[in-house]
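# An overview of the molecular structure
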Amino acid sequence: MNIENILKESNRKLNNVVKNANLDGELLLSKTIKKSREYIMLNPKKNLETRYINIFNNLIERRKKGEPVAYLTNKKEFWKEVFYVDKNVLIPRPETEILVENIIKFTKAESKLHILDIGTGSGCILLSILNERTNFTGTGIDISKKSIKISKYNAKKLDLFKRSKFYISDIDNFLIGKYDVIVSNPPYIENYTFKYLDKGVIGFEPRVALKGGKDGLLEITKVINGASRLIKKNGLFVLEIGYNQKNKVVGILRKKGFYIIDKLKDYSKHDRCIISKKI
């Protein structure tokens, strides 16, 4: 069977099940035969070996059940790089790039700053910043041992291992260093809304990276308390939040001695990020 017919069949299976059946098929076939999407599009009449067809069909069946393409291909683009991801880490979202964008905006390229990423996951936020700010050093912490293994792998892949350190730790128990910049995308989804999420999220992504407690503020409050303790005076704190949490989070930040610099919306015009400074 050739590439064209294989993709037609996968499109038939995925249509009305996923949003981007054509794209998903191309990405999964690219993964299977270890060729670029460009190669696939330029060689529609290329016949594939049975073993590749079997591997591809297995991936399509998993995709039909809702498993995210990022986990099936073990990669996800974020900012300017491609990161390794699997079911042990949250899939990087485009809206989270706002954190990277604004840390770059509020810091200078020549500055030698130390940054802490709380709940680092795949390391995508921290490593994207280190790539942009070559004089920065960074530390990432996460409670998941498997997550830290992945973030270390991504650091090596991007040649950033010498400027980064990663620790398995909860923020409540982390006591190493003082930081010029702290960033975090903590779990902030309210428990009662969790069941309404897309099945690809609730069925496959790590719940510990999503659930924020009864009101969604449990982990955010922990992160703010930890940041207050670990940040230097006048240090920059950039925090991702849920769409309905802005006012409450601003109140918590102010009680902990942070001055609010800006409150930003994401590409969908939802409140998504608060930038503050320790005073």
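Look up a bit, the structure's there.
Residues numbered from 1 in each chain as written. Predicted model: local features only at pLDDT ≥ 70, side-chain atom pairs only at ≥ 80, totals over all residues. Heavy atoms only, no water.

## Section: the overall build of the protein
Condition: Helix and strand assignments come from DSSP, with helices taken as H or I runs of at least 4 residues and strands as E runs of at least 2, each series counted from the N terminus. Atoms considered for the radius of gyration are the C-alpha atoms alone. The globule rule reads 2.2 Å times the number of residues to the power 0.38. Using a 1.4 Å probe on the protein chains alone, a residue whose accessible area is under 20% of its type maximum counts as buried, one over 50% counts as exposed, and one in between counts as partly exposed. Residue contacts are defined here by distance: any two heavy atoms, one from each residue, within 4.5 Å place the two residues in contact. The accessible surface values rely on the Shrake-Rupley method and a 1.4 Å probe; as for residues, cover is taken only from the protein chains in view. Under this rule, positive means Lys or Arg and negative means Asp or Glu; His and the chain ends count for nothing. Here the site of a charge means atom NZ of a Lys, CZ of an Arg, CG of an Asp or CD of a Glu.
Each helix and strand in the protein was counted, giving 11 helices and nine strands. A globule of 279 residues ought to have a C-alpha radius of gyration of about 19 Å, and the protein, at 20 Å, matches this closely. Seen through its principal axes, the protein has C-alpha atoms that stretch 65 × 40 × 30 Å. Looking at the 279 residues of the protein, the share that counts as buried comes to 50%. Long-range pairs, those at least 24 residues apart, make up 66% of the contacts in the protein between residues at least 6 apart in sequence. Element-wise, carbon and sulfur atoms account for 50% of the exposed surface of the protein, whose accessible area totals about 14,500 Å². Seen as two clouds, the 54 positive and the 31 negative side-chain charges of the protein have centres 3 Å apart.

## A few points about helix α10 (residues 218-230)
The criterion, for reference: For a helix, the expected span equals 1.5 Å multiplied by the number of residues minus one.
Between its terminal C-alpha atoms α10 stretches 19 Å, which fits the 18 Å expected from 13 residues at 1.5 Å a residue. What α10 keeps buried is the set Ile-220, Val-223, Ile-224, Gly-226, Ala-227, Ser-228 and Leu-230. Contacts from the buried residues of α10 go to β3 (114-118), β6 (179-184), β7 (231-240), α11 (246-255), β8 (258-265) and β9 (271-278).

## Let's talk about the packing of aromatic side chains
The test is simple: Each pair of aromatic rings taken from Phe, Tyr and Trp, with Trp reduced to its six-membered ring, is defined by centres within 6.5 Å and is described as stacked if the planes are under 30 degrees apart, edge-to-face if over 60, and tilted in the remaining cases. Any Lys NZ or Arg CZ that is within 6 Å of a ring centre and within 35 degrees of that ring's normal is treated as a charge sitting over the ring.
Under the defined criterion, the tally for this structure stands at four aromatic pairs. Summarising the aromatic geometry, the rings of Phe-237 and Phe-258 are spaced 5.3 Å apart at their centres and angled 40° between planes, so their arrangement reads as tilted. Separated by 21 residues along the polypeptide, Phe-237 in strand β7 and Phe-258 in strand β8 bring together distant segments of the chain. For Phe-237, a relative accessible area of 0% puts it in the buried group. The class for Phe-258 is buried, based on a relative accessible area of 2%. If you follow Arg-51 out to its NZ or CZ, it ends over the ring of Tyr-52, 4.3 Å from the centre. Here the guanidinium or amino end of Lys-278 rests over the ring plane of Phe-258, the centre of that ring lying 5.1 Å away.

## Here's the deal with the environment of Arg-12
For clarity, the cut-off: N or O atoms closer than or at 3.5 Å make up a polar contact, with two conditions inside protein: a donor-capable atom paired with an acceptor-capable one, and, for residues adjacent in sequence, both atoms drawn from side chains.
Here Arg-12 is to be found in helix α1 (residues 3-14). A sequence separation of 232 residues divides Arg-12 from Asn-244, and the C-alpha atoms of the two residues are 39 Å apart. Looking at Arg-12, its side chain comes within polar contact range of the side chain of Glu-9, at 2.6 Å.

## A short note on the sheet that holds β6
Selection rule: Here the rule is simple: two strands pair whenever DSSP picks up at least two bridges between them. The angle between two axes is taken between their N-to-C directions and runs from 0 to 180 degrees, where each axis is a line fitted to C-alpha atoms and a helix contributes only its stretch in contact.
Ordered in space as β5-β4-β3-β6-β7-β9-β8, the seven strands form an open sheet in which the pairing is mixed. The sheet is open, and its two edges are formed by β5 (164-168) and β8, each paired on a single side. Between one strand axis and the next, the sheet turns by 15° as a mean value, whatever way the strands run. Contacts from α11 reach β7, β8 and β9, with the element oriented near 160° to β8.

## A word on the nonpolar core
Threshold: For the purposes of this section, nonpolar cores are sets of buried Ala, Val, Leu, Ile, Met, Phe, Trp, Tyr and Cys residues that join through side-chain atoms within 4.5 Å.
Grouped together as the largest cluster of nonpolar side chains are 29 residues, with contacts concentrated most on Ile-182, Ile-224, Phe-237 and Val-249. Among the elements of the structure, β3, β6, α10, β7, α11 and β8 are those that each provide at least two residues to this core. Top contributing element to this core by residue count: α10, with five residues. Those residues in contact with Ile-224 that sit more than four places away from it in its chain are Phe-237, Leu-239, Val-249, Ile-252, Leu-253, Lys-256 and Phe-258.

## Concerning the environment of Leu-28
As for its position among the elements, Leu-28 is in helix α2 (residues 21-33). With 200 residues separating them along the chain, Leu-28 and Ser-228 place their C-alpha atoms 44 Å apart.

## Points about helix α4 (residues 50-64)
Helical geometry note: an α-helix holds 3.6 residues per turn, so side chains three or four residues apart project in the same direction. Just so we agree on the cut-off: Arc definition: directions from the helix axis to the C-beta atoms.
Here α4 is 15 residues long and its end C-alpha atoms lie 21 Å apart, about the 21 Å a rise of 1.5 Å per residue gives. Buried within α4 are the following residues: Ile-53, Phe-56, Leu-59, Ile-60 and Arg-63. Projection of α4 onto a plane perpendicular to its axis shows the buried side chains occupying an angular sector of 125°, all on one side. The secondary structure elements touched by the buried residues of α4 are α1, α2 and α5 (69-73). Just downstream of α4 lies Gly-66, where phi reads positive at about 105°.

## Looking at the packing of α1 against α4
Formally: Should an angle lie under 35 degrees it is considered roughly parallel, over 145 roughly antiparallel, and from 65 to 115 roughly perpendicular; all remaining angles are considered oblique. For any helix crossing, the convention is left-handed if the near helix is rotated counterclockwise from the far helix by under a right angle, and right-handed if that rotation is clockwise. Under this grouping Gly is polar, as are all residues other than the nonpolar Ala, Val, Leu, Ile, Met, Phe, Trp, Tyr, Cys and Pro and the charged Asp, Glu, Lys and Arg.
Relative orientation of the contacting elements α1 and α4 amounts to 20°, with a least axis distance of 10 Å. As judged from the angle between their axes, α1 and α4 are roughly parallel. As α1 packs across α4, the resulting crossing turns out to be right-handed. Each of Ile-6, Leu-7, Ser-10, Lys-13 and Leu-14 in α1 lies in contact with α4, whose residues at this interface are Ile-53, Phe-56, Asn-57, Ile-60, Glu-61, Arg-63 and Lys-64. Looking at the contact of α1 with α4 residue by residue, the classes come out as six nonpolar, two polar and four charged.

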